Amino acid sequence: DQQVKQNSPSLSVQEGRISILNCDYTNSMFDYFLWYKKYPAEGPTFLISISSIKDKNEDGRFTVFLNKSAKHLSLHIVPSQPGDSAVYFCAASVDAGNMLTFGGGTRLMVKP
Amino acid sequence: EAGVAQSPRYKIIEKRQSVAFWCNPISGHATLYWYQQILGQGPKLLIQFQNNGVVDDSQLPKDRFSAERLKGVDSTLKIQPAKLEDSAVYLCASSPRGGAQHFGDGTRLSIL
């Protein structure tokens, strides 16, 4: 039973354009959501988070949107850069500091 | 700030052998997690410690996996005996109270 799903295994975007990565969840108890970026042979790196009391959180080029009624969140990267090429994981927990349930990841390729 | 340290980076063993992984979390982080990441999937929680106490080990295969966090700082994860399906990357993460989890680079385990 996959409680967190990333339905697109890969995404290719031109440099300078917007990248939109999507994530769906099924557990209505999830209250805290995060995005991680992972390069090969490295651990996941924390990017941005959002709690359920908000519907948007922004940090530089990265914005996360949360739609609780649809149980859907998305990560927008604007503008996309070649260095953004990596695997992106969304994760959810019932509370900050609790165990994370991860999606399967989306591989983003930003072409120069 | 030093990140989460893990060793070894790689380990190759034969099935039925034993193996141990070590993790040193970020200084001051009370919560420590061990995750298993199988190729092509997102990380899956094995065990969560709060200081030196276990918070959640419901997904730890206790017949072969064990973990400890003596003195509430470093942690070790052991597999005894290893099976072929244990081939994965083992990730350690730590978090401050109520904060995002930060991951180490992991130990890649190959079982022959």
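Our structure is the block above this text.
Residues numbered from 1 in each chain as written. Chains lettered and ligands numbered in written order. Predicted model: local features only at pLDDT ≥ 70, side-chain atom pairs only at ≥ 80, totals over all residues. Heavy atoms only, no water.

1. Comments concerning the pairing of strand 8 (residues 75–79) of chain B
All names here are of chain B.
Reasoning step 1: Taking every second residue as pointing to the same face, the buried face of strand 8 carries Ser 75, Leu 77 and Ile 79, while none of Thr 76 and Lys 78 on the other face is buried.
Reasoning step 2: Pairing of strand 3 (residues 19–24) with strand 8 involves 5 bridges; the strand directions are antiparallel. Within strand 8, the position partnered with Trp 22 by the bridge is Thr 76.
Reasoning step 3: Relative to strand 8, strand 7 (residues 65–68) runs antiparallel, the two being bridged by 4 bridges. Paired with Ser 66 across the bridge in strand 8 is Lys 78.
Reasoning step 4: Turn length for the strand 7-strand 8 hairpin, with the two strands adjacent in sequence and antiparallel, is 6 residues, and the turn residue Lys 71 shows positive phi of about 60 degrees. (Buried < 20%, exposed > 50% of the residue type's maximum accessible area, 1.4 Å probe, protein only. Helix = DSSP H or I, 4+ residues; strand = E, 2+ residues; numbered from the N terminus. Pairing = 2+ DSSP bridges.)

2. A closer look at the sheet that holds strand 7 of chain B
Residue and element names in this part refer to chain B.
Reasoning step 1: Reading across the sheet, the 4 strands line up as 1-3-8-7 and stay open at both edges, with antiparallel pairing between neighbours. Where the open sheet ends on each side, the last strands, each with one partner, are strand 1 (5–7) and strand 7. Averaged over all adjacent pairs, the angle separating strand axes in this sheet is 15 degrees, with direction ignored. (Axes fitted to C-alpha atoms, helices over the stretch in contact; angles between N-to-C directions.)

3. Quick look at empty space enclosed by the protein
Where empty space is left can be seen by rolling a probe of water-molecule size over the atoms.
Reasoning step 1: Tallied over the full model, the rule gives 1 cavity of 30 Å³ or more.
Reasoning step 2: The space that makes up the largest cavity amounts to roughly 90 Å³.
Reasoning step 3: If you trace the largest cavity, you find it lined by A:Lys38, A:Ala41, A:Glu42, B:Arg9, B:Tyr10, B:Val89, B:Leu91, B:Asp105, B:Gly106, B:Thr107 and B:Arg108.
Reasoning step 4: Residue assignment for the lining of the largest cavity shows that the elements contributing at least two residues are strand 9 (88–95) and strand 11 (107–111) of chain B.
Reasoning step 5: A class-by-class count of the residues in the lining of the largest cavity yields 4 nonpolar, 2 polar and 5 charged. (1 Å grid on protein atoms, 1.4 Å probe; cavity = no way out; pocket = protein on both sides within 12 Å on 5 of 7 lines; lining within 4 Å. Points joined across faces, edges and corners; volume = space filled by probe spheres on them. Nonpolar A, V, L, I, M, F, W, Y, C, P; charged D, E, K, R; others polar.)

4. Quick look at the interface of chain A and chain B
Reasoning step 1: In this assembly, 18 residues from chain A lie in contact with 23 residues from chain B.
Reasoning step 2: Between chain A and chain B the total buried area reaches about 1,400 Å² when both faces are included, carbon and sulfur atoms providing 55% of it.
Reasoning step 3: Applying the counting rule to chain A against chain B returns 0 salt bridges.
Reasoning step 4: At the junction of chain A and chain B, the tally comes to 6 residue pairs in polar contact (both at pLDDT 80 or more).
Reasoning step 5: The element that contributes the greatest number of residues to the side of chain A that touches chain B is strand 4 (residues 32–38) of chain A, accounting for 4 residues. (Contact = heavy atoms within 4.5 Å. Buried area = accessible area lost by both parts, 1.4 Å probe. Salt bridge = Lys/Arg side-chain N within 4 Å of Asp/Glu carboxyl O. Polar contact = N/O pair within 3.5 Å; in protein donor to acceptor, adjacent residues only side chain to side chain.)

5. Observations regarding the environment of B:Arg69
All names here are of chain B.
Reasoning step 1: With respect to the secondary-structure elements, Arg 69 resides in the loop between strand 7 and strand 8.
Reasoning step 2: Its relative accessible area of 3% is what places Arg 69 among the buried residues.
Reasoning step 3: Taking C-alpha positions, Arg 69 is 20 Å from Val 89, a pair spaced 20 residues apart along the chain.
Reasoning step 4: Sequence-distant contacts of Arg 69, that is, excluding residues within four places in its chain, are made with Pro 25, His 29, Ala 30, Thr 31, Leu 32, Phe 49, Gln 50, Asn 51, Asn 52, Asp 74 and Ser 75.
Reasoning step 5: Here His 29 takes part through its backbone oxygen, which lies 3.2 Å from a polar atom of the side chain of Arg 69.
Reasoning step 6: Separated by 2.5 Å, the side chain of Arg 69 and the backbone oxygen of Ala 30 make a polar contact.

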